[in-house]
Every structure is written in C-alpha cells, then in structure tokens.
Amino acid sequence: METIEKLDVRVLEPRMKHPTIFNWFDNLNGGEAFVIHNDHDPKPLYYQLLGERGNTFKWEYLLQGPEIWEVKISKLTPEEGETVGELVAKDYRKAQVFKKYGIDFCCGGKKSLKQVCEEKGISPEVVESELNAIPETGSATTRGNEYEKWSLSFLSDYIVNMHHSYVREAIPTLYEYTTKVARVHGGRHPEVVEVAKHFVNIANELEAHMPKEERVLFPFIKQLEEAQKSGVKIDRPAFGSIQNPINMMEMEHEAAGDELAAIRTLTKNYTLPADACATYRVMFSKLQEFEEDLHRHIHLENNVLFPKAVELEKEVLK
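Asks: Summarise the pairing of strand S3 (residues 57–64); cite the residues concerned and give the values.
Replies: Sheet faces and side chains relate simply in a regular strand, where the side chains alternate between the two faces. As defined by bridge partners, S3 adjoins strand S4 (residues 69–75) across seven bridges and the pair is classed as antiparallel. Residue pairing for S4: Phe57 is matched across the bridge by Lys75.

Structure follows, in structure tokens:
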C-alpha cells in the first residue's frame, strides 16, 4: 500500500504555511503526492498554486470539514497535455464538444483533457476523436479565434460592454421569474424554490464581482498594455502582482459556476414538468441563455485575458 507523507499545516507559523507547501510540492517528482492537513478549507492555496505553477498538479479533497480539511496534492507528469481552456481559447467551437460531455471549460478550464475525462469517467479517446472531427477550414475563422488577436484593452472593453452589460440587464428579469415560479409552483416542485435561492447567490456574487474588475483589474491591464506600447517600465502595484486579483476573480467565477451547475442539476438539465406554465418555460429559457453567456464570459477572462495579462506584467514591471 502506498504511503503518502502528510503535512500538518496547523502547526506552522502563518507566514511559513504557503512557502512550506510550495517547497514540498517543488520537491515532488511527477506522479508523486502529499497530503495537507488543515483546520479550514485551503482553497486560496489552490489558486495560488494554479497561478504560480500552472496546470502541474491535481487537487483532491479527502476530508472537507467542518473541523478538519485534508487535500491530496499530486504533481502531474509532463505528458498531461494542453488544458481544456487552452483548447477552447484556440477554437471556441470545441466548447460544444465539452458541453456535450458536461466538461467545464471555463471555471475549471485549467485541467488537461486527460484529467477531466478521468474525473468524469469518460473515455478521453472518444472526446479527442470528436474534437479532431471539427473541420480546420471555413468556420474555423470565427469570433472564437478572433478574441486571441484582440488587444487586451479592447478585450477588456468588450467583456464589460457585452457580458457585464448583459448580466446587469438579465439579473432583475431572472430574479422576477425565479421568485414568481418558486411562489406559484414551489408546492408541487420544491426544486424551483432552491433554484430561486441559487439565483440570488449568483446575482449577489456577480454584482459584487464585476465592479472589482471594472475599477481595479481591467484598468491595470490597460496600464500594462500602454506601458508595453510606450516601451516603459512601471512600478509594482499595491496588490503586489496581477496574479493576486486574478486568483480572487477566478475563485468568484468558480462560485458562480457552481451555483449554475446546481441549478442545472436541480432542473434535470432544464427538463420542463408537464404542468409548466408560460413563465416557467421562459424562466428555463432565460436561465439557459444566462448560463451560456456566463460560460463564454468566464472563458474569455480565465483562458484568454488573464493568462496574457500575467505574461504582459512580467515584461513591463520594474
């Protein structure tokens, strides 16, 4: 039986916790692992590892509280391949294949195809054959590929004007529909009461999230791009590195994505009951439209804008 070393993070000084974990991880060979033992969910560490080490590890919860949390951190072998987010960033049409198999390419897009297929019990060969069947000519030059060519300033503005605007317009309408359907149909269909609660969580998350991007993160990305164009170096920002706000944004993306996934599960993939009224039908249609928009929105940030901004910062910081 395999013996895996366990690191009890609780006994370490606060300032030594993350450096010690990183040191343990860096000393692993591909395929090796260790377990961290903690008194709270170490999710922020996941994002720091992702930001600083990229798609080089697997994160598995062994215990999830309330008093003790244990996570097995494994170092991946080099042949794990491109991430699903990178595949979609190159050709957005591949998103349809991932959606078909329930593979998250936006919030969870930093995992390799092999990794996500293993987690979902799907044959990676089957998914790969469908991805390879997408023709390379004609429709390949669609907007999904254009995003890669845009300046980061233009892409930031596009996200605000297209996706943030859509979210702000959609939230009041969806709040009205989900509340009404929960009130009228909640007795016979208790799941719609839960749907309404999940939607409130999504609305609250995004309404707090978008202004942080618009006031802090996106203006800094524009500043980086301007510095590059002018050939000047800029001072390190108050938040230390762009990776810090990006980690926070990705955590919040994942929280919103989890709420939408819960709605999809509760509604059995938006399957209408026989007694669904017109409002019920419109609610499902609008929720699916909202999910589709949010997936593209988060994909553009997590898989296109943010990775490019991290590389740009390395080039222009003093």
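Asks: Can you tell me about the packing of aromatic side chains, naming the residues and giving the values?
Replies: Counted by the stated rule, this structure contains 13 aromatic pairs. Relative to Phe154, the ring of Trp150 has its centre 5.0 Å away and its plane inclined at 85°; by these criteria the two rings are edge-to-face. You can call Trp150 buried: its relative accessible area is 17%. The interplanar angle of 65° and the centroid separation of 4.9 Å between the aromatic rings of Trp150 and Tyr158 together place this pair among those described as edge-to-face. Ring-pair connections join several aromatic residues into one group, and the members of that group are Phe25, Tyr46, Phe57, Trp59, Tyr61 and Trp69. Geometry around Tyr46 places Lys43 over its ring, the cationic atom sitting 4.7 Å from the centre.

Asks: Can you tell me about the side chain of Ser156, naming the residues and giving the values?
Replies: Position of Ser156 relative to the elements: it lies in helix H8 (residues 152–185). Taking relative accessible area as the criterion, Ser156 reaches 0% and is therefore assigned buried. If we skip the residues at most four places from it in the chain, Ser156 touches Phe218, Ile221, Lys222 and Leu305.

What counts as what
- Residues numbered from 1 in each chain as written.
- Predicted model: local features only at pLDDT ≥ 70, side-chain atom pairs only at ≥ 80, totals over all residues.
- Heavy atoms only, no water.
- Pairing = 2+ DSSP bridges.
- Helix = DSSP H or I, 4+ residues; strand = E, 2+ residues; numbered from the N terminus.
- Phe/Tyr/Trp six-rings, centres within 6.5 Å; stacked < 30°, edge-to-face > 60°.
- Buried < 20%, exposed > 50% of the residue type's maximum accessible area, 1.4 Å probe, protein only.
- Lys NZ or Arg CZ within 6 Å of the ring centre and 35° of its normal.
- Contact = heavy atoms within 4.5 Å.

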